[in-house]
Amino acid sequence: MSQSTDQSTQAEPQHVFGAGLLPREDPAFIRGEAIFTADITPKNTLHMELLRSEYGHAEIVDIDVSKAKAMPGVVAVMTGKDLAEKLLPLPCIWIPGGVESHFPPHPYGVPGAGFVLAQDRVRFIGDPVVAVVAETPYQAHDALEAVEVTYRELPAVVDPKEALKDGAPQLHEAVANNLNAYWTCGDEEATDKAIAEAEVVVELEVHNQRTINSSLEPRAAIGEYDPVKDEYILHATSQSPHNHRFLLAALVLAIPFNKLRVIAPYIGGSFGTKGYLYPDMPLVLFLAKELGKPIKWVDTRASLMRSTVQGRDHTQQATIAGTKDGKITAIKAISYANLGAYPSTIGPGVATSLMGRTISGPYAIPVGFCGVYAMFTNVVPLGAQRGSGRAEAVYMTERLVDRYAETIGMDPAEVRLRNMVEPDKFPYDNNLGWTYDSGEYARALELALKNADYYDFPARKAEAATRGKLLGIGIASYVAICGVGPSTRMSKEGMLGGTWESGNVRVHPSGEVAITIGSKSTGQSHETVFAQIAAEVLGVDMSMITVYHSDTEKAPYGQGTYGSRSYSVGGPALYMAAKQIREKMVKAAAFWFGVKESEVEYANGTFSVPGQPDKTKSWSDMAMAMWYGWNMPPNMAPALDETAFFDPADFNYPFGSHIAVVEIDKISGEVEVKRYIAVNDSGPIGNPVVVQGQVEGSILHGMGQALIEKACFDDKGQLLTNDLRTYAIPRASDSVNFEMDFTETPCPWNPLGVKGAGETATVPAAAAISNAIHNALGAINIDMPLTPEKIWQFLREGNAAK
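Residues numbered from 1 in each chain as written. Predicted model: local features only at pLDDT ≥ 70, side-chain atom pairs only at ≥ 80, totals over all residues. Heavy atoms only, no water.

Engineer: Would you mind going over the overall build of the protein chain with me for this structure?
Structural biologist: The helix and strand inventory of the protein chain stands at 21 helices and 29 strands. The C-alpha radius of gyration computed for the protein chain amounts to 28 Å, which stays within 12% of the reference 28 Å derived for 802 residues, consistent with globular compactness. Here the protein chain, with 802 residues, has 61% of them falling under the buried criterion. Accessible surface, the protein chain as shown: approximately 29700 Å² in total, 51% of it carbon and sulfur. Taken together, the 68 basic and 94 acidic charged side chains of the protein chain have centroids lying 1 Å from each other. (Helix = DSSP H or I, 4+ residues; strand = E, 2+ residues; numbered from the N terminus. Rg over C-alpha atoms; globule rule 2.2 N^0.38 Å. Buried < 20%, exposed > 50% of the residue type's maximum accessible area, 1.4 Å probe, protein only. Areas by Shrake-Rupley, 256 points an atom, 1.4 Å probe, with all protein chains shown as cover. Lys, Arg positive; Asp, Glu negative; His and termini not counted. Charge placed at Lys NZ, Arg CZ, Asp CG, Glu CD.)

Engineer: So what exactly am I meant to see when it comes to the side chain of R386 here?
Structural biologist: Assignment of secondary structure puts R386 in the loop between β16 (367-375) and α11 (390-408). The side chain of R386 sits in the buried core without any salt bridge; E759 is the nearest counter-charge, 6.2 Å away. Ignoring anything within four residues of it in the chain, the contact list for R386 reads F271, R312, Q694, G697, S698, H701, G758, E759 and T762. (Salt bridge = Lys/Arg side-chain N within 4 Å of Asp/Glu carboxyl O. Contact = heavy atoms within 4.5 Å.)

Engineer: Would you mind going over the pattern of salt bridges with me for this structure?
Structural biologist: Applying the stated rule across the entire model yields 32 salt bridges. The closest approach of N and O atoms between D192 and K332, which form a salt bridge, is 2.8 Å. With a gap of 140 residues between them, D192 in helix α5 (residues 188-197) and K332 in strand β15 (residues 328-338) connect regions that are remote in the sequence. Taking the relative accessible area as the measure of exposure, K332 reaches 14% and is therefore buried. Between E672 and K674 there is a salt bridge, with the nearest N and O atoms lying 3.5 Å from each other. Judged by relative accessible area, E672 falls into the partly exposed class, the value being 42%. Several salt bridges share partner residues, and in doing so they unite E188, D192 and K332 into one network.

Engineer: Would you mind showing me how to read the packing of aromatic side chains here?
Structural biologist: Any pair of aromatic rings gets described here by the distance separating the centres and the angle formed by the planes. On inspection of all chains with the given rule, the structure shows 24 aromatic pairs. Taking 4.9 Å as the distance between ring centres and 65° as the angle between the ring planes, the aromatic pair formed by F29 and Y266 counts as edge-to-face. With a gap of 237 residues between them, F29 in helix α1 (residues 26-30) and Y266 in the loop between β12 (260-263) and α7 (280-291) connect regions that are remote in the sequence. Note on Y266: relative accessible area 16%, which makes it buried. Both rings, one in F124 and one in Y342, keep their centres 6.1 Å apart while their planes meet at 75°; by these two values the pair is edge-to-face. Highlighted residues: F124 in the loop between β5 (121-122) and β6 (128-134) and Y342 in the loop between β15 and α9 (347-351), separated in sequence by 218 residues. (Phe/Tyr/Trp six-rings, centres within 6.5 Å; stacked < 30°, edge-to-face > 60°.)

Engineer: Looking at this model, I keep getting lost on empty space enclosed by the protein. Mind explaining?
Structural biologist: Where empty space is left in the structure can be found by rolling a water-sized probe over the atoms. Summed over the entire model, instances satisfying the criterion amount to 6 cavities of 30 Å³ or more. One number sums up the size of the largest cavity: a volume of about 250 Å³. Here the lining of the largest cavity is composed, by residue class, of 15 nonpolar, 5 polar and 4 charged. (1 Å grid on protein atoms, 1.4 Å probe; cavity = no way out; pocket = protein on both sides within 12 Å on 5 of 7 lines; lining within 4 Å. Points joined across faces, edges and corners; volume = space filled by probe spheres on them. Nonpolar A, V, L, I, M, F, W, Y, C, P; charged D, E, K, R; others polar.)

Engineer: Explain unusual backbone geometry to me, please; I cannot follow it from the model alone.
Structural biologist: Peptide bonds are trans in most cases, and residues, glycine excluded, mostly fall at negative phi. Look at the link from F426 to P427: it is a cis peptide, with omega at -5°. Cis rather than trans, the peptide bond between M784 and P785 has omega equal to -5°. Topologically, P785 is positioned in the loop between α20 (762-777) and α21 (788-796). Although it is not a glycine, N44 sits at a positive phi angle of roughly 65°. With respect to the helices and strands, the residue N44 is situated in the loop between α1 and β2 (46-52). At S525, a residue that is not glycine, the phi angle is positive and equals roughly 65°. Of the residues examined, S525 reaches a relative accessible area of 10% and is grouped as buried.

See below:
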C-alpha cells in the first residue's frame, strides 16, 4: 500500500485547505525512490511476453508453438484455444444509454470486449495471439520469434464512415454493419426547424484525429497465487484497483471476489488509459496458478502504442444557426466515432454521452441535437484520453463559433459574450442532458481578454507582418462535465456500476491520524491534497497525517480516478469522515466536561470550555481517552474510526476561457505559440501548486493534439506511427510560459464546493490554438494536427492570409 508522512519543514499555514503546499510525494520521485509496478519482482518470478497480430484483420489458420516451447528457459506457451474454457472474454461496462446497442457476446450477459488471447480471428494489429512464459524476459521475447502463426488476411476497414457502408468488411457476426449504436440526445425536429428558419447557417466538417496516450510508464502486471489460501494478488498499473478487482474476479476469472487482491503502486501517469481491463491482467493471474510461480509482464513503448486504448477519433458534421446580430439559435452535430476493433471497458460511453451532451458549451442555445454513429473498425480500441468526449465537443463547437462570427462580421469574443449562460440562470439545463451547476462564464472570458490585451491585437498583427510573420489569436470557451458520480444518473447513461467514493479516518491512541481513500492517484498528489482536507477539518498538523491508498485489501471501496472526480467526489467523502471524527470528539468532550456540546471550543489542538481553565483536553489526550473507552457517553462506541461515502447529487461543471496567440513563418509554415492565456474555474482550489501543475500539463496535452499528434493507420489497419520516432509528442521546448488565472464559483452539489481540475484545461486547448492559426491564415478549416507541412501547403497553393 502506498503511503506517506510529511517530512518537510514548511510552516503550517493557518488554513491548510487552499494552501499551496509542495506535494509530499515529489522527493521520492526526484530521488528515484518511488516504487513502480515494473520495480517489483517477487521471488522465483517468471516473465511473460505477448505475441501480437501482424495484421489488422485476418483469420488464424494455424499456430505452431513447438519450436518456442523447446527454447532455453521457456516454461509455457499459451494460445487462445488453450484458454477457451478457462478464461472468459473481457467485459465492457458502459453501454450507451437509451438506444439499441450491439456488442460481441459475453457469457455473463454483459457486452464482450474481446478474448484474452485471440481465437480464430484477429481484428487489429495489437490483438494478443500467444503468451510465452520463460525464466527471463529476454528468453520469453526470443521465444516469440519462434512462434509460427499462419494467417489468412481479410479486408480491413479503418474509417468509421466507410465501416457503415453496405459491403464494408464486417468485424463481428453479432454486429451488423459494424454499428455498435446510433446514440442521440436533444430534439432533432426542433433543431432542424430552428436551422431552417435561421437568418444565418454555418456548416463545418471537422476531424478530431485519433491520438495515442503516451504515459511516462507503460503498463505492467504481476500475478501471484497462494495455493494454501486459494487467493490471488495482482500488482498492476491500475487507476481503478477496486473496479479491476471486481471485473477480473466476477467476469473474467470467475472466482469469488474475496479471493483477489489488487495493489496499484505508483503508475507513472495514465491520462485515462490505465482504468481499462487488458488481457495481461487475467493472464498473469491465471498463469501464476497454472505454473505455481509469480508471473510478471512489462509492456514496451512500441507495444503500448498498438495495444493500449487510444483517444479522440470523431468525424463531425456540424451546423450552427443564428441571427445576423450574433445570437445563436441552434446547434447540431452528426458524429462518426471510431470505437476500434472491440468495445473497450467504457469506450462506448466516452464516444457518446461525454461528447454529445457537451456540444452546447457555455452558451444558452435554445435547441440542439447530436447523433453519434459508434462504429467498430480494424484499429486499436478507443478509450479515454484526458478530457475525453468533452475535448472533441468543445473543439467542434468553438471552431463553429469562430466561423459563425466571421460569417456575420462580428468579433468572435463579442459573439461568445452575447451567448453565454448568465449567472442568474443556474442551475441551467443545456437541453442536451446536462444541468450546469454554477458559473460566471462571461466573467472568465472577460478576464482572459483583459490578460491577453485582446483589443490591442490588430496593432501587434500589423507589426508582425512587417517581419514577414502571420500573427493570429484564438479563443476557446468551455464547460466540462466532471466529477463522475452520481450513481443513479450514470446508470441511465449506461454505466454498469456505481460511481460513488469513500474515505476513512482513523485516529491512533497517540493522536496521529491515518486516512485511507478509495481513489487512486495517477499523479495528482493525492497524498498531499487529501491530507490537507483532513488537517483542515481536524485542526492537526500535516506531519501527523499519513495517507493510505491503492490496495483493495486495506483501502475502503472506491471507484478510482477518472473524469476529474478524485477531489470532487472522493474529497467530500473524506471531509465527511473527518467531520464525523471531530463531532464525536466534541460530543465526548462535552460529556466529560459536563457541559453542552455548543459550549465546547476546539482550537489550536485543544478542546476547552471558554472561561473554565479546568475543562481542557489536548488532541492527544482526547485520542487516548477515546482509545481507553473507560467513561464514554451513552450509546457512543470507543475509539475514533469513521468511514463516509459520498454519491453526489449531480456532476460538477468547471469552465473557463483560453486564448492563444500564434506566429506563423510564411516561408516554412512553422507555428510558434507566443502566448497562452488560461482562465479556469474549478471552484475553491484545495492546493494551488497542484492545480497549476495539472493545468499546465493539460494545456500541453491539448497543444500536442493541435500541432503535432496523430495516430496514422493505413487501409489494412497497420499502425504507421508505432514508436516515438514516428509519433510526435510535445517536448519542453514546445511549451510557453502559460499565463494562468482563476475565478472561483463553488459547486452546490458537494460540501467542499470543488469542481474537477485535473483534465479540464485540455478541453479548450486544441481549439484555442487551432482558432489562432486559422485566424492568422484566414483559412476556413484545416484539420488537426496543424503541422508546418499542412500550413506550408496551404500558403503554397496561393491562399493569402487576411
